[in-house]
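For reference, the chains in residue letters:
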Amino acid sequence: MTYQLECSIKDNKIRLREMEDFNLLQTIECGQCFRWNREVNGSYTIQAFTKAINVSQENNEIVITNSSLSEFEEIWIKYFDIQRDYGEIKKILAENDPIMGKAISFGEGIRLLNQDEWETLVSFLISQNSNIPRIKGTIKSLCENFGDSFTALGNQMFFTFPTPLEIASCDDSQMDVCKLGYRKSYISETAKAIANDHGKRLYNLKNENYEAALKYLIELPGVGPKVANCTMLFSMEKYESFPIDVWVKRVMGRLYGLDEKDLKGIEQFAAEKFGKYGGFAQQYLFYYIRENKLI
DNA sequence: TTCCAGGTAGCCG
DNA sequence: CGGCTACATGGA
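Residues numbered from 1 in each chain as written. Chains lettered and ligands numbered in written order. Predicted model: local features only at pLDDT ≥ 70, side-chain atom pairs only at ≥ 80, totals over all residues. Heavy atoms only, no water.

Moving on, we come to the side chain of K238. Looking at the secondary structure, you find K238 in the loop between α10 (225-235) and α11 (246-254). No salt bridge is formed by the buried K238; its nearest oppositely charged neighbour, E240, is found at 6.4 Å. For K238, the side chain forms a polar contact with the main-chain oxygen of E208, separated by 2.9 Å. Contact partners of K238, with chain neighbours within four places excluded, come to L205, K206, E208, N209, Y210, A213, M232 and L233. (Helix = DSSP H or I, 4+ residues; strand = E, 2+ residues; numbered from the N terminus. Buried < 20%, exposed > 50% of the residue type's maximum accessible area, 1.4 Å probe, protein only. Lys, Arg positive; Asp, Glu negative; His and termini not counted. Salt bridge = Lys/Arg side-chain N within 4 Å of Asp/Glu carboxyl O. Polar contact = N/O pair within 3.5 Å; in protein donor to acceptor, adjacent residues only side chain to side chain. Contact = heavy atoms within 4.5 Å.)

Inspection of every chain in the model, using the stated rule, returns 16 salt bridges. For E237, the salt bridge goes to K78, with nearest N and O atoms at 3.1 Å. Of this pair, E237 sits in the loop between α10 and α11 while K78 sits in helix α2 (residues 69-79), placing them 159 residues apart in sequence. Put simply, K273 and D97 hold a salt bridge, and the shortest N to O gap is 3.5 Å. Residue K273 is located in helix α12 (residues 263-274), and its partner D97 is located in the loop between α3 (86-94) and α4 (98-106); the two are separated by 176 residues in the primary sequence. In this structure D97 comes out as buried when scored by relative accessible area, which is 5%. Members of the salt-bridge network, linked through shared partners, are R15, R17 and E61.

Per the counting criterion, the structure on display carries 4 cavities of 30 Å³ or more. Size it by volume and the largest cavity reaches roughly 40 Å³. Lining the largest cavity are C33, F34, R35, Q47, A48, F49, Y79, Q115, D116 and E119. Of the residues belonging to the lining of the largest cavity, the class tally is 5 nonpolar, 2 polar and 3 charged. (1 Å grid on protein atoms, 1.4 Å probe; cavity = no way out; pocket = protein on both sides within 12 Å on 5 of 7 lines; lining within 4 Å. Points joined across faces, edges and corners; volume = space filled by probe spheres on them. Nonpolar A, V, L, I, M, F, W, Y, C, P; charged D, E, K, R; others polar.)

Time to look at a negative patch on the surface. A grouping of E18, E20, D85, E88 and E95 is seen on the molecular surface, where their side chains present a negatively charged patch. By the secondary structure assignment, E20 is in the loop between β2 (13-17) and α1 (24-29). With a relative accessible area of 41%, E20 lands in the partly exposed category. (Patch = residues over 30% accessible without salt bridge, like charges linked within 9 Å, V, L, I, M, F, W, Y side chains within 5 Å. Areas by Shrake-Rupley, 256 points an atom, 1.4 Å probe, with all protein chains shown as cover. Charge placed at Lys NZ, Arg CZ, Asp CG, Glu CD.)

So, on to the packing of aromatic side chains. Geometry of an aromatic ring pair is reported as the spacing of the ring centres plus the angle between the planes. A complete count under the given rule lists 18 aromatic pairs for this structure. Taking 5.8 Å as the distance between ring centres and 65° as the angle between the ring planes, the aromatic pair formed by W36 and Y44 counts as edge-to-face. Each member of the pair, W36 as well as Y44, is classed as buried. Taking the centre distance of 5.6 Å and the plane angle of 80° together, the rings of Y86 and F280 count as edge-to-face. With a gap of 194 residues between them, Y86 in helix α3 and F280 in helix α13 (residues 278-292) connect regions that are remote in the sequence. The class for Y86 is buried, based on a relative accessible area of 1%. Assessed through its relative accessible area of 3%, F280 is described here as buried. Three or more aromatic residues link up through ring pairs in this structure, and these residues are F22, F49, W76, Y79 and F80. The ring of W36 has K136 sitting right over it, with the charged end atom 3.3 Å from the ring centre. Across the ring face of W247, the terminal group of R250 is positioned such that the distance to the ring centre comes to 4.6 Å. (Phe/Tyr/Trp six-rings, centres within 6.5 Å; stacked < 30°, edge-to-face > 60°. Lys NZ or Arg CZ within 6 Å of the ring centre and 35° of its normal.)

Attention shifts here to unusual backbone geometry. The backbone of E18 sits at a positive phi, close to 55°, despite the residue not being glycine. Structurally, E18 can be placed in the loop between β2 and α1. According to the relative accessible area criterion, E18 is partly exposed, its value standing at 46%. A positive phi angle, close to 55°, is found at D81, a residue other than glycine. With respect to the secondary-structure elements, D81 resides in the loop between α2 and α3.

The geometry of helix α5 (residues 117-127) relative to helix α6 (residues 132-146) is characterised by a closest axis approach of 9 Å and an angle of 130° between their N-to-C directions. By the criterion of interaxial angle, the relationship of α5 to α6 is oblique. Classified by chirality, the crossing of α6 by α5 is right-handed. Residues V122, S123, I126 and S127 of α5 form the contact with α6, whose own contacting residues are I135, T138, I139 and L142. Each residue belonging to the contact of α5 with α6 can be placed in one class, and the counts come to 5 nonpolar, 3 polar and no charged. (Axes fitted to C-alpha atoms, helices over the stretch in contact; angles between N-to-C directions. Parallel < 35°, antiparallel > 145°, perpendicular 65-115°, else oblique. Left-handed = near helix turned anticlockwise from the far one by under 90°.)

We now examine the protein's contact with DNA strand B. As a structural note, the neighbourhood of DNA strand B is formed by 30 residues, with S130, N131, Y182, R250 and Q282 the closest of them. Backbone atoms, meaning sugar and phosphate, form 57% of the atoms of DNA strand B found within 4 Å of the protein. A distance of 2.9 Å separates a phosphate oxygen of DNA strand B from a polar atom in the side chain of W247. Between DNA strand B and Q283, the relevant distance is 3.1 Å, taken from a base oxygen to a side-chain nitrogen or oxygen of the residue. Listing elements by their share of the surface near DNA strand B, those giving two or more residues are α5, α6, α10, α11 and α13. Partitioned by chemical class, the residues of the surface near DNA strand B number 15 nonpolar, 11 polar and 4 charged. (Near = heavy atom within 4 Å.)

Below is the structure:
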């Protein structure tokens, strides 16, 4: 897991050579994040926190455009989970598990991103009973209507993800343009709850244990076990999270022979089999079955 | 047209 | 508890 870092100040680029276990396409398109654009040259323009960057990959070399060295160290190392040894995780998961072995070799370059807690929570609130292309559109609309604009990467205009206060302080009818459907009240009510203590508790969940974080999250309106586990996995480093959605039910039924309707059974099986690596396992399996449409 | 999509809340037995 | 079902909306 060694890599070489090279920073070019004059064109504001960061270059990482000899990156292992990193595939940009898989990491961005595996369904954990939604504010990205695939450019015609194959690079990705990605928005996270209040920044916009462009990232490209050629073999084991990653180039990040529009990042200083300090910003890379403060934000992007953590965001892309660059310092974690995925080779070790994959080895442990694939041991004595040929099914997982297949899933891992299909998505061998997936990394779990460390995203903003609030954005992740709202994104997965929106995700319920929807699909990835539509989730992306809804989130984009939310940003354009309630976020703040800025320019980056030449003269391109971007919008930040609206803060809890920005959503809490608009009235419900204003949000109709975003076509949130029945999720609208979930978003506005949750925004009010979070804004009420200025996000203090939400942004502290990272430091609390899994059970405490889960308990707090599922008490928010519209947040159940699936949304809570996605939020914890993609923004709070709770890697024992094992979000169970329709695709994971399918994979556990088709590939592991479990009863798809028995949520508790799947949960228990995953906890015993994958333990503290549950989140990694889930993401390999999710990507594997969704991309191969093994229905 | 009908069905489904990274679910959850409310209700009923 | 466990098992339904409504919920907005758009795309196949």
